[in-house]
Amino acid sequence: MKNSILVKSGIPLIIILAAFIIAAVMISSRKPPEQMPVETKALLVDAKSVSPEPVNFVVRSQGNVVPKHETALSAQVSGRVVSVSDKFIVGGFFKKGDVLVTLEQDDYITELNLAQAELAQAQAALEEEIARGKVAAEDWRTVKNIPPPELGLRKPQLAKEQANVKAAKAKLERAKRNLDRTQIRAPYNGIVVERNIDLGQFVSAGTTVSTVYSTDTAEVRLPITDRDLMFVDIENQSAQTSEVILQATVGGQMRTWRGRLVRSEGVLDSISRVIYAVVEVIDPYQFNGNGAVPLRFGQFVEAQIMSHQSKELTVLPRSLLRLDNTVLTVNDERELEITPVSIARTTSTQAYISDGLDSGTMVVTSAVPNPYNGMKVRLPDDPVLPAEAENDKEADSQDVSVSSGGQ
């Protein structure tokens, strides 16, 4: 019994020991794995050569339409309002010289008649004094043989009467002016935007009766940023009266007007840090009858100013500019470089590079995942090695498989 128990318990130990021995022999006799060099595969990218080119920018801005002349009409004399023109209403258009308001004239007509009478009296007194002077000179010659004095010829009295005539004429001119001022006339072609008086109202001299805008010329103040000033020479272009295109939506449709860049306000705004350029639009309300939509005061418009200054800049699609103002380029060793650039201007579709890219630089135009400096790349025109061609085929087949599985 004891021998059978020992035999049964020893067999498993013998098997385990034999297994260990066999495993040790196999491990010691196994050859080490062959060391294969790790190859960095060159990524296939698209790239194009870029060079600076002359660029003329269109500077965009916006502003409100305002009149070139805005006037607060005031009464120069006092009086009661006896009549107003049919055009003297808010929104009413008038021509230069139209009578808008008439004040009571009775007192001023009376003053005019008195001034005329005083002038007639002064002229009569002057003629009388001239006659007296002639008589005095004749009498002096017949009585004495010495030269007559000034007083003897009544010259001081003559000078006094001449002064009285001048004063009477001046008083008459003032009476005429005051009578004419009872009619408040339009200083230019314009529109009434505010009316402060009505029939029967008494107004004093200096009272503002209305606010009017000139419709001959409109202005638009356009803020120009410091960045845009490098593309727009306001002073030179103002001297050349450069054309500016103005646009706005009126009645659901985009309308266009043309103006002229005439000047800048010459002062940099201390808060917004912009300088204002002024554009003039002749006949904004289109009274010449050409059928165009009027450009009304207060209208908000967008403006396009064509730059006359040509800049040598590299133009790239906006999508190629990275968030940190860098672009991906390829050097002669077919290595990727992350190149910092200086941005002159960007739009929604393009980026204008002023510095950082030399003429002939290869700029990557395709997506590159996780790019880094020194990353190996190759271009479509580069010679393809067999291994790389096989890798491209495998990648294409994987793409096809994924697409098929998605379907």
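The present account deals with the structure reproduced in this document. (Residues numbered from 1 in each chain as written. Predicted model: local features only at pLDDT ≥ 70, side-chain atom pairs only at ≥ 80, totals over all residues. Heavy atoms only, no water.)

## Quick look at the packing of aromatic side chains
So, point 1. Taken as a whole, this structure holds 5 aromatic pairs when the rule is applied.
So, point 2. When the centroid spacing of 6.2 Å and the interplanar angle of 15 degrees are considered together, the rings of Tyr-285 and Phe-287 count as stacked.
So, point 3. By relative accessible area, which is 13% here, Tyr-285 ends up buried.
So, point 4. Summarising the aromatic geometry, the rings of Tyr-285 and Phe-297 are spaced 5.3 Å apart at their centres and angled 65 degrees between planes, so their arrangement reads as edge-to-face. With Tyr-285 in the loop between strand S16 (275-282) and strand S17 (300-306) and Phe-297 in the loop between S16 and S17, this residue pair connects regions lying 12 residues apart in the sequence. Like Tyr-285, the residue Phe-297 is buried in the burial classification.
So, point 5. The ring of Phe-287 is capped by Lys-95, whose NZ or CZ atom sits 5.7 Å from the centre of that ring.
So, point 6. Lying over the aromatic face of Tyr-276, Arg-221 brings its terminal NZ or CZ to 4.0 Å of the ring centre. (Phe/Tyr/Trp six-rings, centres within 6.5 Å; stacked < 30°, edge-to-face > 60°. Buried < 20%, exposed > 50% of the residue type's maximum accessible area, 1.4 Å probe, protein only. Helix = DSSP H or I, 4+ residues; strand = E, 2+ residues; numbered from the N terminus. Lys NZ or Arg CZ within 6 Å of the ring centre and 35° of its normal.)

## Some words on the nonpolar core
So, point 1. Core analysis: the biggest nonpolar cluster contains 33 residues, and Val-244 and Leu-246 have the highest contact counts within it.
So, point 2. Within the residue set of this core, elements represented by two or more residues are strand S4 (58-67), strand S13 (217-224), strand S14 (243-250), strand S15 (253-268), S16, S17 and strand S18 (311-317).
So, point 3. Excluding anything up to four places from it in sequence, Val-244 contacts Leu-222, Trp-257, Arg-258, Gly-259, Leu-261, Val-279, Ala-303, Gln-304 and Ile-305.
So, point 4. Listed in part, the 28 residues of the second largest apolar core include Ala-75, Phe-88, Ala-168 and Val-203. (Core = buried A, V, L, I, M, F, W, Y, C linked by side-chain atoms within 4.5 Å. Contact = heavy atoms within 4.5 Å.)

## Side note on unusual backbone geometry
Trans peptide bonds make up most of the peptide bonds, and negative phi angles are found at most residues other than glycine.
So, point 1. Of note, Gln-286 is a non-glycine position whose phi angle comes to about 55 degrees, a positive value.
So, point 2. Inspection of the secondary structure puts Gln-286 in the loop between S16 and S17.
So, point 3. Despite not being glycine, Asn-325 has its phi angle at roughly 60 degrees, a positive value.
So, point 4. Within the fold, Asn-325 resides in the loop between S18 and strand S19 (326-330).
So, point 5. Judged by relative accessible area, which is 36%, Asn-325 ranks as partly exposed.

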